[in-house]
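Listed below, chain by chain, are the residues.
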Amino acid sequence: MSTPFALNAADQPMETWADPSCGSVRWQSLFSGQITPTDSLTCGVAHIAVGDTFTLHSHPQAEVYFGLSGHGIVMIDGTGWQLSPGVALFIPGGAVHGILQATGPMSWFYVFAADCFTEIAYSFQTTHSVALKTPPSGLEPPGAQENAHV
C-alpha cells in the first residue's frame, strides 16, 4: 500500500548499468516500490554526458520522457525525436528506443506505470540489429507537432 512520500532528488544515489553494453546513461530513482513506500508508478531522473549512449532497448511498459536540460535525439522505432527542456515524449510499450550518442549533456524525467523499477524487463539491442527508418520528407508521425522529430 502506498502512502504520501517526499524526497529530494539531490539526495538520491546515481545508478548505472553493470553491463557497459547497455550504455553509459546514469539515473537517480525517485519513486520505486522496492525503495520507497509507493506503488503504481516508477519514476526518476536520467542523465547522459557528451558522447554517452543509452543502447536501443525495449520493455513491455509504456514510458514517458520529459526533457529537463540539454538537447538530444531519442530514437523511437527508428525515428529520431528531439528531446529538450519542456518536451514530453510518449514511448509505447514494446517500442525500441534509446540515445545513440549524446552531443551534449542532457537530463530528463522518466516515468513507467509499474510498482517498481525491478518490474521493468529491459531487452537491449545493438544498433546493427535495428533497421533505422526516416519518415518521408514533410510527413509527421500521427499526432506529432511540427519540429518534434528529426
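Read on for an overview of the structure. Everything numeric here is computed off the predicted structure, so don't read it as measured data.

Rules and cut-offs
- Residues numbered from 1 in each chain as written.
- Predicted model: local features only at pLDDT ≥ 70, side-chain atom pairs only at ≥ 80, totals over all residues.
- Heavy atoms only, no water.
- Phe/Tyr/Trp six-rings, centres within 6.5 Å; stacked < 30°, edge-to-face > 60°.
- Helix = DSSP H or I, 4+ residues; strand = E, 2+ residues; numbered from the N terminus.
- Buried < 20%, exposed > 50% of the residue type's maximum accessible area, 1.4 Å probe, protein only.
- Pairing = 2+ DSSP bridges.
- Polar contact = N/O pair within 3.5 Å; in protein donor to acceptor, adjacent residues only side chain to side chain.

## Overview of the packing of aromatic side chains
This model, assessed by the stated rule, comprises 11 aromatic pairs. An angle of 75° between the planes, with centres 6.3 Å apart, marks the rings of F5 and F31 as edge-to-face. Of this pair, F5 sits in the segment before β1 (15-16) while F31 sits in strand β2 (residues 26-31); the two residues are 26 residues apart in sequence, bridging distant segments of the chain. Under the relative-accessibility criterion, F5 is labelled partly exposed at 39%. Both rings, one in F112 and one in F117, keep their centres 6.5 Å apart while their planes meet at 65°; by these two values the pair is edge-to-face.

## Comments concerning the sheet that holds β2
Across the sheet, which stays open at both edges, the six strands sit in the order β1-β2-β3-β10-β5-β8 with antiparallel pairing between neighbours. Strands with a single pairing partner mark the edges of an open sheet, and in this sheet they are β1 and β8 (88-91). For strand β5 (residues 63-69) and β8, the ladder comprises four bridges, and the chain directions are antiparallel. The residue bridging Y65 from the neighbouring strand is L89, located in β8.

## Observations concerning the sheet that holds strand β4 (residues 54-58)
Sheet architecture is open: five strands sit in the order β7-β6-β9-β4-β11, paired in antiparallel fashion. In this open sheet, the two strands that pair with only one neighbour each are β7 (79-83) and β11 (123-124). Pairing of strand β6 (residues 72-76) with strand β9 (residues 97-99), which is carried by two bridges, proceeds in the antiparallel orientation. In the sheet register, M75 faces β9, and the bridge partner there is G98.

## A look at the side chain of Q61
Relative to the assigned elements, Q61 resides in the loop between β4 and β5. Judged by its relative accessible area of 16%, Q61 falls in the buried class. A polar contact of 3.2 Å, which involves the side chain of Q61, links it to the backbone oxygen of E119.

What is shown is where atoms sit, not what they do.
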